[in-house]
Every structure is written in C-alpha cells, then in structure tokens.
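Inside the fold
Below, each chain spelled out in residue letters.
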Amino acid sequence: MKRVTIKVKVDNLPEFERRMREIDLEFEPTLYQHDRVYVPRGYKRGMNLPRLVMRTEMKSVDQPAKYKLILKRHIEDSGIEITDRSEIKDYSEIVNMIHQLGFVLATEVSRRRKRIVLGETSRIYLDKVDKLPGYYVKIETSLDEKDKVSEVMEDLQRTLKLFHLSKKEISHESYFEMIQKNDIMGVK
C-alpha cells in the first residue's frame with residue numbers, strides 16, 4: 001500500500017485537543033505499541049531500503065497482544081512510503097527469519113497511540129513516544145493510482161492548519177531515527 005505521511009511535534013497539547021473537540025473529532029482508546037525496527041546491514045537514510053518492524057500491540061493488559069510484521073520503504077524522491085503488514089502468530093520464528101535475511105535490530109520504539117479514522121483512506125494519530133519529548137501528530141493517507149502526491153501533501157498540510165500546527169514543523173525522520181539521534185547525542 002502506498003501512503004503519504006506527515007508528522008509534526010505538538011507544542012501545545014491542550015490547545016491541540018481543544019481544536020479536535022471543536023471540530024467533533026474524537027480519538028479511539030489508547031493502543032500500546034512496541035516496535036522492534038530491523039534494517040539491512042549498511043542501512044542509511046535516503047537509500048530507499050526497506051525496514052522490517054515487529055510490532056506488539058495491546059489495547060489493555062487484560063487482553064491478548066497482537067503481533068504484526070510490517071514492511072516500510074520510504075521512496076525519498078517521491079514522498080511516498082510503501083507499507084505492507086501482516087498479523088503473525090509465531091513472533092520468535094519471524095524474528096529468526098528476519099535475522100536470516102540479513103536484517104539487524106536498529107532500535108526499539110515504544111509508544112502510546114490514539115487514532116482517528118477519517119473515511120477509508122486517512123488516519124490521524126496522536127503519539128507519545130518513549131525516549132522522545134512531547135507528543136506528535138501523524139497524519140497519513142493511502143494513495144490510489146489516480147492520486148497525485150503533491151496534491152495529497154497539500155491537503156495534509158491544510159489539515160495541519162486546521163489544528164493550528166505548522167507545516168514548518170514537519171519532521172521527515174521516522175521515530176526510530178529520532179530515537180537513534182537522541183541516543184547518539186545522549187538526550188534522555
């Protein structure tokens with residue numbers, strides 16, 4: 001599936017939540033997600049290489065966890081991210097297969113995520129990521145063959161304005177890259 005995604009740090013969470021209520025948007029209950037991000041040896045940003053993510057997802061501690069294998073590949077010059085996912089039953093076996101394919105663990109990302117589903121193609125997420133300060137809003141839209149990336153990106157940026165978020169603050173780094181950078185710089 002091809003997607004266009006933008007992510008922005010939220011400087012004023014109460015103001016953001018107030019804006020959401022004003023336009024009658026309500027988040028679903030919080031999901032707890034833990035991702036183990038695997039990359040090919042020699043991975044560098046901008047090389048258009050795939051990442052594999054082993055995700056553990058829980059709605060609450062009294063319900064069983066779900067496990068997913070997610071392939072993500074950001075095509076740098078197009079602004080498109082290719083994402084495929086599949087629920088899995090045997091976590092250990094899939095991790096072994098990932099290692100056999102030559103992928104290495106880059107980092108782990110834990111977050112509390114709230115979601116709003118907008119129609120069949122768009123989602124808004126509010127993420128609180130462990131090891132990163134503050135909250136992030138992530139808006140993503142799935143693309144049809146007829147969609148133009150530039151038009152979808154403009155639409156997403158208009159959505160940011162609706163929430164009083166600035167397109168100047170868009171982060172092009174993934175959470176795992178942001179965490180790695182903080183780890184290198186010694187930020188807690």
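The structure this text deals with has already been given above.
Since we're looking at a predicted model, the values are computed, not measured.

For the rest of this paragraph, the subject is the environment of P50. Mapped onto the secondary structure, P50 falls in the loop between β2 (31-40) and β3 (51-58). A relative accessible area of 22% means that P50 is categorised as partly exposed. Linking P50 and V95, residues 45 residues apart in sequence, is a C-alpha distance of 16 Å. Beyond its immediate chain neighbours, meaning those up to four positions away, P50 contacts P40, Y43, L71, K72, R73 and F103.

Judged by nonpolar contacts, the single largest core of 22 residues is most densely connected at F16, I124, V137, I139 and F163. Those elements that place two or more of their residues in this core are β1 (2-10), α1 (13-22), β7 (122-129), β8 (135-142) and α3 (149-162). Per element, the largest residue contribution to this core is four residues, and it comes from β1. When neighbours within four sequence positions are excluded, F16 is seen to be in contact with V10, F27, L126, V137, F163 and L165. Of all hydrophobic cores here, the second largest spans 13 residues; its members include V37, Y43, Y136 and M178.

Read around the closed barrel, the eight strands follow the order β1-β5-β4-β3-β2-β6-β7-β8; overall the barrel is antiparallel. The sheet shows a mean angle of 35° between the axes of neighbouring strands, taken without regard to direction. Inspection of the sheet shows strand β4 (residues 66-75) paired to strand β5 (residues 80-88) by nine bridges, in the antiparallel sense. Paired with K68 across the strands is E87, a residue of β5. Each of β1, β6 (103-118), β7 and β8 touches α1; the most contacted strand, β7, lies at about 155° to it. Packing of α3 onto the sheet brings it into contact with β1, β5 and β8, and relative to β1 it is tilted by some 25°.

Across all of its chains, the model carries 14 salt bridges by this definition. The residue R18 makes a salt bridge to E22 at a minimum N-O spacing of 2.0 Å. Remark: E22 and R18 occur in helix α1; sequence separation between them is four residues, near one turn of the helix. A salt bridge links D35 to R111, with the nearest nitrogen and oxygen atoms 2.7 Å apart.

Time to look at α1. Because the α-helix completes a turn every 3.6 residues, residues three or four places apart line up on one side. Every buried residue belonging to α1 is among L13, F16, R19 and M20, and all of these are buried. For α1, the angular spread of buried residues about the axis comes to 125°, placing them on one side. For α1, the exposed residues lying more than 90 degrees away from the buried face are P14 and R21. For α1, the secondary structure elements touched by its buried residues are β1, β6, β7, β8 and α3.

About the cut-offs
- Residues numbered from 1 in each chain as written.
- Predicted model: local features only at pLDDT ≥ 70, side-chain atom pairs only at ≥ 80, totals over all residues.
- Heavy atoms only, no water.
- Helix = DSSP H or I, 4+ residues; strand = E, 2+ residues; numbered from the N terminus.
- Buried < 20%, exposed > 50% of the residue type's maximum accessible area, 1.4 Å probe, protein only.
- Contact = heavy atoms within 4.5 Å.
- Core = buried A, V, L, I, M, F, W, Y, C linked by side-chain atoms within 4.5 Å.
- Pairing = 2+ DSSP bridges.
- Axes fitted to C-alpha atoms, helices over the stretch in contact; angles between N-to-C directions.
- Salt bridge = Lys/Arg side-chain N within 4 Å of Asp/Glu carboxyl O.
- Arc of directions from axis to C-beta.

These results come straight from atomic positions and should not be treated as a statement about function.
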